[in-house]
Amino acid sequence: MMAASFTAAAQTSGYKNVGRTPTPQEVQAMDIAIGTDGKELPPGGGNAKLGAQLFADKCMVCHGENQQGSAQAPALVGGKGTLTSMRPMLTAGSYWPFATTIFDYIRRAMPRFQEGTLKTDEVYSLTAFILYRNDIIKEDDVIDAKTLPKIKMPNRDGFIPQNLDEIHDYKKRGCKLGHCP
Amino acid sequence: MKPKDSGRRSFLKNTAALAGLAVGAAQTVSGQAAAPETSSARAKDLHGYGERSKFETATRLGAPGLYDPAPPGYHRDFGFRTPIQDSVGFITPASLHFVIAHGYEPPDIDPAEHHLLIHGLVEKPLMFSLDDLKRFPSVTRAHFLECNANGAPSGPTGQFRVSPNATAQDTHGFTSCSLWTGVPLSTLLKHVGVKTEAKWIIGEGSEKGKHTKSIPIEKAMDDVLIAFGQNGEALRPQQGYPIRLLVPGYEGINNVKWLRRIKLVEEPYMGMWESTKYPSLRPDGLSRWFQFQMGPRTVITRPSGGQKLNGAGFYEISGLAWSGGGAVKSIEVSTDNGKTWREAEIQSPVYPKAHVRFGFGWDWNGEETILQSRCTDELGERQPTVVELAKFWKVEPEFFVKTGTIPGHFNAIQPWKVNADGSVQNAISF
């Protein structure tokens, strides 16, 4: 089954039998990064009501009772209209361009000091709670692999270049001196 | 700034000349009482693995941190700057290479257990052990690594950077240069077979936060390394042991440490750091993101802030130059506050996207003056002044100190003021 592609690869590189084919389980266990189209999102789902209780149990200690943040963790709500001020407040609601990033980052790195302990449905519910608290979804909207990638975040168009296809071309963007105008 | 941090820093400045031993203890990264020159350290077999002289006391210095005290396994400080003012040559010792890991301590990885998975839009996904990686031809190249926020005039380290008492460590300590040994990523990508739809790679680390970064395939196929060696030995844990991505000339955040996975994908994956923390917010509310390449930059390391000249006479001005755009082509020094500029002497090998050591002979007449340096890279780009940088950003210079975000890539010319008494101060102004 691998013979055809292996032959092709070996012809390209000439390095025979270096590396081994991973099992599907190995790939699945590591394949945690969620792109903007959400195709790696796992089965399951949640909503903001469930997320509120989880937040109180696992997140509030750092992010604050009203998600206002603390010295240990950033605010998760607010900041609308502050991006042009000298004290911009960058939250998921005011700044983050993609909702998929919220799911990805919670599952990957939260709660800090207990990373990897949340179940998939809990991650969906916490994602829903943050979206709800930023007035992006309703309290009982279901967030899952289908609904999450479809959410347009309020600041999605606030990044240059807006089109993801144009990001890679540093020269075409007119970047100079390590800066892109 | 935390008062005790301020106290620690002034303590260091006041006692550095007299109490090298105490300084070594005070600057210990973890804040624990691990002094490198104590009897327990002496009990180590220094014939087996050496240590520097007890008279050499330069150490990395932490920036004010988020977690104080931190739970086990986490940095107290957010980042540790290299003592660039004490550097010689163009290579940074691995033990002094700056460290930023977004607050995570290095994972304790047994290289025999570690694997790199390359998958996604490839013909044949493969898992490589460290031994597998060493079966490929490797290369050794000099490259600098620099934090996007190196020298940023605002943000967590901004107040240190603009202080008249700032040292070069405060202003430019988030850059370092090493001889990196590893396998070109292009070799591995050709080996697994890249599908034509693949336009980006995402790299992912093994630390608790599992840092991810999206990098264009053009760069991945160009000069990126899977590095396992640094300055002739294995990577240090703080630098990604056993393997890391090395992405020459690009913002430090691209150089994923403790690398466990590379996935080939069609679009950038918009990880938390790259899509929400590293874009540069402009005054009009729009953000530039994925700026990648660090600009041309220099800093005079000697004489620099906090050092003292011993009366009028000859001094060799010494400094470092680098550019993410390629090789440094020329370096100029001004000893009269920018009125005249003269070519400096290049005193080390010149490699693309690497530090270069420069020197400039100077007869100091004992009067107050300002020393500056600037470089031009092989793309013809010349290091800007603060005013030129502000014009490029379409802001007033004071924006750089007043903004509530971190102005990244701040590669403006660094002025050092030499006072008539020989003391040297940071003279950056906005």
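Residues numbered from 1 in each chain as written. Chains lettered and ligands numbered in written order. Predicted model: local features only at pLDDT ≥ 70, side-chain atom pairs only at ≥ 80, totals over all residues.

**Thoughts on the overall build of chain A**
Worth spelling out the cut-off: Numbering of helices and strands starts at the N terminus; helices are DSSP runs of H or I of at least 4 residues and strands are runs of E of at least 2. Every radius of gyration here is taken over C-alpha atoms, with the globule rule written as 2.2 Å times N^0.38, N being the number of residues. To sort residues by exposure, count the other C-beta atoms lying within 10 Å of each residue's C-beta; 20 or more gives buried, 12 or fewer gives exposed, and values between give partly exposed, all with C-beta atoms placed from the backbone. Contact criterion: two residues are in contact if their C-beta atoms, reconstructed from the backbone, are within 7 Å.
In terms of regular secondary structure, chain A is built from six helices and three strands. Seen in sequence order, chain A has helices and strands lined up from the N terminus as α-α-β-α-α-α-α-β-β. Taken against the 2.2 N^0.38 rule, which gives 16 Å for 181 residues, the C-alpha radius of gyration of chain A at 20 Å runs more than 25% over that of a compact globule. Over its C-alpha atoms, taken along the principal directions, chain A stretches across nearly 60 × 45 × 30 Å. The buried share among the 181 residues of chain A stands at 38%. Once local pairs closer than 6 in sequence are excluded, the contacts in chain A between residues at least 24 apart make up 56%.

**Some words on the overall build of chain B**
Broken down by element type, chain B carries 11 helices and 24 strands. For chain B, buried positions account for 51% of its 430 residues. Pairs at least 24 residues apart make up 70% of the contacts formed inside chain B by residues separated by at least 6 positions.

**Focus: the interface of chain A and chain B**
How big an interface is tends to be expressed through the accessible area that disappears when the partners come together. To be explicit about the condition: When DSSP locates at least two bridges between a pair of strands, those strands are taken to pair.
With 52 residues of chain A at the contact, the number on the chain B side is 66 residues. Secondary-structure elements contributing two or more residues to the side of chain A that touches chain B are helix H1 (3-13), helix H2 (24-30), helix H5 (99-109) and strand S3 (159-160) of chain A. Here S3 of chain A runs beside strand S15 (residues 287-288) of chain B; their pairing, made up of two bridges, is parallel. Within S15 of chain B, the residue paired with Phe159 of chain A across the bridge is Ser287 of chain B.

**Considerations on the environment of Leu379 of chain B**
All names here are of chain B. Locating Leu379 in the fold gives a position in the loop between strand S22 (369-377) and helix H10 (386-393). Looking at Leu379, the number of C-beta atoms within 10 Å reads 17, which means it is partly exposed. Distance in space between the C-alpha atoms of Leu379 and Gly89 is 24 Å, their sequence separation being 290 residues.

**Observations concerning the sheet that holds strand S3 (residues 99-100) of chain B**
All names here are of chain B. If you walk across this open sheet you meet the three strands as S1-S2-S3, and the pairing is antiparallel. Taken across any chain shown, the strands that pair with only one partner, and hence form the sheet edges, are strand S1 (61-62) and S3. Here S1 runs beside strand S2 (residues 79-81); their pairing, made up of two bridges, is antiparallel. For Gly62, the partnering residue across the bridge sits in S2 and is Phe80.

**Concerning helix H6 (residues 120-133) of chain A**
Residue and element names in this part refer to chain A. Note the following rule: What a helix should span is 1.5 Å times the count of its residues minus one.
Across its 14 residues, H6 extends 20 Å between first and last C-alpha, which sits within 8% of the 20 Å expected from 1.5 Å per residue. The buried fraction of H6 amounts to 11 of the 14 residues, a majority that puts the element mostly inside the structure. Of all the residues in H6, the buried ones are Val123, Tyr124, Ser125, Leu126, Thr127, Ala128, Phe129, Ile130, Leu131, Tyr132 and Arg133. Residues of H6 that are buried in the fold lie against strand S1 (45-46), helix H3 (48-58), H5 and strand S2 (143-144).

**A short note on the confidence of the model for chain A**
Test applied: Every residue carries a pLDDT, the predictor's confidence in it, which falls somewhere between 0 and 100.
Looking at chain A, the pLDDT average stands at 92 and 93% of residues meet or exceed 70. Under a pLDDT of 50 for its full length, residues 1-11 of chain A has, in the predicted model, 14 contacts with residues more than four places off or in other chains.

**What about the sheet that holds S15 of chain B?**
Strand order in the open sheet formed by three strands is S3(A)-S15(B)-S14(B), and the pairing between neighbours is mixed. Of all the strands in the sheet, just S3 of chain A together with strand S14 (280-281) of chain B have a single pairing partner and so form its edges.

**Some details on H3 of chain A**
All names here are of chain A. What counts, and what does not: The arc in question is formed by the directions pointing from the helix axis toward the C-beta atoms.
Among the residues making up H3, those that are buried are Ala48, Gly51, Leu54 and Phe55. Taken end-on, H3 shows its buried residues confined to a sector of 110°, consistent with a single buried face. Residues Gln53, Ala56 and Asp57 are exposed on H3 and point more than 90 degrees away from its buried face. Of the surrounding secondary structure, the elements contacted by the buried residues of H3 are S1, helix H4 (60-63) and H6.

**With respect to the pairing of strand S17 (residues 313-322) of chain B**
With five bridges connecting them, strand S16 (residues 297-302) of chain B and S17 of chain B associate as antiparallel partners. Bridged to Arg297 of chain B within S17 of chain B is Trp322 of chain B.

**Comments concerning unusual backbone geometry**
In the segment running from Ile160 of chain A into Pro161 of chain A, the intervening peptide bond is cis, with an omega of -5°. Take Pro161 of chain A: it is sitting in the segment after S3. The omega torsion across Tyr241 of chain B and Pro242 of chain B is 5°, close enough to zero to call that bond cis. Its location among the elements puts Pro242 of chain B in the loop between strand S11 (233-234) and strand S12 (244-246). With a phi angle near 55°, Leu177 of chain A is a residue other than glycine that sits in the positive phi range.

**Observations regarding the packing of H5 of chain A against H6 of chain A**
Residue and element names in this part refer to chain A. The criterion, for reference: For helices, the fitted line uses only the C-alpha atoms of the stretch in contact; every axis is such a line through C-alpha atoms, and the angle between N-to-C directions lies from 0 to 180 degrees. When describing relative orientation, an angle under 35 degrees is termed roughly parallel and one over 145 degrees roughly antiparallel, while 65 to 115 degrees is termed roughly perpendicular and anything else oblique. What makes a crossing left-handed is the near helix being turned counterclockwise from the far one by less than a right angle; a clockwise turn instead makes it right-handed. Each residue gets one of three labels, nonpolar for Ala, Val, Leu, Ile, Met, Phe, Trp, Tyr, Cys and Pro, charged for Asp, Glu, Lys and Arg, and polar for the others, Gly among them.
Direction vectors running N to C along H5 and H6 enclose 135°, while the axes themselves pass 9 Å from each other. With respect to H6, the element H5 is oriented oblique. In the packing of H5 onto H6, the handedness of the crossing is right-handed. Residues Ala99, Ile102, Phe103, Ile106 and Arg107 of H5 pack against Val123, Tyr124, Leu126, Thr127, Ile130 and Leu131 of H6. Looking at the contact of H5 with H6 residue by residue, the classes come out as nine nonpolar, one polar and one charged.

**Some details on the packing of H3 of chain A against H6 of chain A**
All names here are of chain A. At a closest axis distance of 7 Å, the pairing of H3 and H6 adopts a crossing angle of 100°. What the angle tells us is that H3 and H6 run roughly perpendicular. Facing Ala48, Leu50, Gly51, Ala52, Leu54 and Phe55 of H3, the residues of H6 in contact are Glu122, Ser125, Leu126, Ala128, Phe129 and Tyr132. Here the contact of H3 with H6 is composed, by residue class, of nine nonpolar, two polar and one charged.

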